[in-house]
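Residue-level structural notes
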2 protein chains.
Amino acid sequence: MKNFAGAPGTRTGLTLRVAQCLFAASSIALMATTKTFFNFTAFCYLIASMGLVIIWSFGLAIIDAYALATKKVLHSPISVSLFVVGDWVTSTLSLAAAASSGGITVLYFGDLGGCSLREECTKYQLAVAFAFLSWLVNEISFLIMFWLLASG
Amino acid sequence: MKNFAGAPGTRTGLTLRVAQCLFAASSIALMATTKTFFNFTAFCYLIASMGLVIIWSFGLAIIDAYALATKKVLHSPISVSLFVVGDWVTSTLSLAAAASSGGITVLYFGDLGGCSLREECTKYQLAVAFAFLSWLVNEISFLIMFWLLASG
């Protein structure tokens, strides 16, 4: 397998993983500090989904850092297949979570004529924005891994 | 490029395109026949997104059928790159639309204690279910096209 930017065990790969963790953690931090998130299934799902992204990306960040430190190459078809499946699941779940929470945010702040709780509303919107950013970086990782696997 | 099930110009590829069109059309038909969908941004977005899926998949179904009838091979890197980009855009948009509408459906029928308009509620739920099915088939098409492009 070829070695290119974003592949496992590269600096770009590690940067993508760290970015996924940071965006997902910001999303959880903003959502979990609101007082009413547990009334909405979609917001709870957002927290669960971003939690999964953190666990997955943090694990892969450690593997990437280890591979960088020991100069090992992580391109066996089995490990790349595992990364592809994990990245597909996390990116799909995070897009679904971001979109469903985004739908409710638009419903409350647009369709129903504005949100009454000022600080909470900004937090909801920012949490959704960070979830979308986390999905975007995760999707880039998935596309790179899938390309690596398919190009053999 | 190798020729395998689901590639452009194959029977499986044509079947996937027809399935995408049918699921998206069912979703639009169910959503557009409710009386209140235009009050919800997410439901309008679902209709727009499923409309885009129909246009894209119908166009590709015609190309597939033409390739099957004339026994032409549609595996030039430029055409496959175009299919990959189009499939990625439509599958991402349809998942976002299905998830945002799903979030609102769960909010109304779960979190807020049930939906008062019986027939409308069933239609909303079915429209979301068909949108998810359309996304799933679209995602399969995208993964096949991307594999085809990457494997060269």
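Residues numbered from 1 in each chain as written. Chains lettered and ligands numbered in written order. Predicted model: local features only at pLDDT ≥ 70, side-chain atom pairs only at ≥ 80, totals over all residues. Heavy atoms only, no water.

The next subject is the UniProt feature "transmembrane region" (unreviewed entry) in chain A. All names here are of chain A. Feature annotation in UniProt assigns "transmembrane region" (unreviewed entry) to the following positions: residues 43–68, 88–109 and 130–150. The span residues 43–68 carries 100% helix and 0% strand; its end-to-end C-alpha distance comes to 36 Å. In residues 88–109, the share of helix is 100% and the share of strand is 0%. The end C-alpha atoms are 31 Å apart. (UniProt positions renumbered as here; feature names shortened; annotations may be inferred. Helix = DSSP H or I, 4+ residues; strand = E, 2+ residues; numbered from the N terminus.)

Next up on the list: unusual backbone geometry. Residues and elements named next belong to chain A. Despite not being glycine, Lys71 has its phi angle at roughly 55°, a positive value. Looking at the element boundaries, Lys71 is found in the loop between helix 2 (41–70) and helix 3 (77–111). Since its relative accessible area comes to 75%, Lys71 is described here as exposed. (Buried < 20%, exposed > 50% of the residue type's maximum accessible area, 1.4 Å probe, protein only.)

Approximately 230 Å³ is the volume found for the largest pocket. In terms of lining, the largest pocket is formed by 18 residues, of which the most central are Tyr45, Ala96 and Ser100 of chain A together with Ala99 and Phe132 of chain B. Secondary-structure elements contributing two or more residues to the lining of the largest pocket are helix 2 and helix 3 of chain A together with helix 3 (77–111) and helix 4 (118–151) of chain B. The biggest single contributor to the lining of the largest pocket is helix 3 of chain B, with 7 residues. A class-by-class count of the residues in the lining of the largest pocket yields 12 nonpolar, 5 polar and 1 charged. Here the second largest pocket defines a volume of roughly 180 Å³. (1 Å grid on protein atoms, 1.4 Å probe; cavity = no way out; pocket = protein on both sides within 12 Å on 5 of 7 lines; lining within 4 Å. Points joined across faces, edges and corners; volume = space filled by probe spheres on them. Nonpolar A, V, L, I, M, F, W, Y, C, P; charged D, E, K, R; others polar.)

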